[in-house]
Amino acid sequence: MLNSLASGRRLALRLLLWQLIAAVIVGLVFAMSGRREAIAAAAGAVIVALGTALLSVRVFGQVSGAGMALGRFLTGMILKWMVIIGGMIAIMFQYKLPPLAAITGLVVAYAVNLLAFRFKG
C-alpha cells in the first residue's frame, strides 16, 4: 500500500512539471500576439500549476488515516481553487492583462491534467 503513495507523489510531480512546460509553450505561442498576451497566458497556466503544487503538498505531505486523508484532500482542493480564482482576479483586474489569453493558459494547464492521468505510465 505504501507504493501507491509514492506513485501518487511521482504523478503529482510529473503533472506539475508538465503544467509548467505548458505554461512556457502557451506563453511562447501568445508572444506572437504581444508581450502582455504572452505574460497573461503564461500566468494563467502558472497559477494552475501553483494550485496543483499546493494540493499535492497538502495531500501527500504525510501518511495518515482515511478520514484525515479525505480532510487533507478537501482542504487542499479548497486552497487550490482559492489560489486559482485569486490569481485570475489578480491577472485580469489588478494587472489588467488580457482575459482571453489568461483563460486560454488556464484551460491549457487543465488539459495537461487529462493527458497526465491518461498516460500515467
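Note that the structure is predicted; figures quoted are calculated from it, not measured.

K.L.:
Just to check I follow, could you spell out the overall build of the chain for this structure?
P.N.:
The helix and strand tally for the chain stands at 4 helices and 0 strands. In the chain, the order of α-helices and β-strands from amino to carboxyl end is α-α-α-α. Along the three orthogonal principal directions, the C-alpha set of the chain runs to about 50 × 30 × 15 Å. Residue burial in the chain is summarised as follows: out of 121 residues, 34% are buried. For the chain, the proportion of contacts with a sequence separation of at least 24, taken over those separated by at least 6, is 71%.

K.L.:
Help me understand a nonpolar patch on the surface in this model?
P.N.:
Together, Leu13, Leu17, Leu20, Val46 and Leu50 make up a nonpolar patch on the protein surface, roughly 420 Å² of accessible area in all. Of all the elements in the fold, those that place two or more residues in the nonpolar patch are helix H1 (2-30) and helix H2 (35-60). Element by element, the count of residues in the nonpolar patch is highest for H1, at 3 residues. Along the chain, Leu17 turns up in helix H1. Residue class for Leu17 comes out partly exposed when judged on its relative accessible area of 46%.

K.L.:
Help me out: how do you make sense of the UniProt feature "transmembrane region" (unreviewed entry) in the chain in this one?
P.N.:
The UniProt feature table records "transmembrane region" (unreviewed entry) at residues 12-32, 38-61, 73-93 and 99-117. Note that residues 73-93 is 100% helix and 0% strand, and that its end C-alpha atoms are spaced 30 Å apart. Secondary structure within residues 99-117 divides into 100% helix and 0% strand; the distance between the first and last C-alpha atoms comes to 28 Å.

K.L.:
What am I meant to see in the packing of helix H3 (residues 66-94) against helix H4 (residues 99-118) here?
P.N.:
The relative placement of two packed helices is expressed as an angle between their axes plus a distance between the axes. At a minimum axis distance of 9 Å, the contact between H3 and H4 shows a crossing angle of 155°. By the angle class used here, H3 and H4 are roughly antiparallel. Along this stretch, H3 crosses H4, giving a crossing that reads as right-handed. Residues Lys80, Trp81, Ile84, Met88, Ile91 and Met92 of H3 lie in contact with H4, whose contacting residues are Pro99, Ala102, Ile103, Leu106, Tyr110 and Asn113. Here the contact of H3 with H4 is composed, by residue class, of 10 nonpolar, 1 polar and 1 charged.

Rules of the game
Residues numbered from 1 in each chain as written. Predicted model: local features only at pLDDT ≥ 70, side-chain atom pairs only at ≥ 80, totals over all residues. Heavy atoms only, no water. Helix = DSSP H or I, 4+ residues; strand = E, 2+ residues; numbered from the N terminus. Buried < 20%, exposed > 50% of the residue type's maximum accessible area, 1.4 Å probe, protein only. Contact = heavy atoms within 4.5 Å. Patch = residues over 30% accessible without salt bridge, like charges linked within 9 Å, V, L, I, M, F, W, Y side chains within 5 Å. Areas by Shrake-Rupley, 256 points an atom, 1.4 Å probe, with all protein chains shown as cover. Salt bridge = Lys/Arg side-chain N within 4 Å of Asp/Glu carboxyl O. UniProt positions renumbered as here; feature names shortened; annotations may be inferred. Axes fitted to C-alpha atoms, helices over the stretch in contact; angles between N-to-C directions. Parallel < 35°, antiparallel > 145°, perpendicular 65-115°, else oblique. Left-handed = near helix turned anticlockwise from the far one by under 90°. Nonpolar A, V, L, I, M, F, W, Y, C, P; charged D, E, K, R; others polar.

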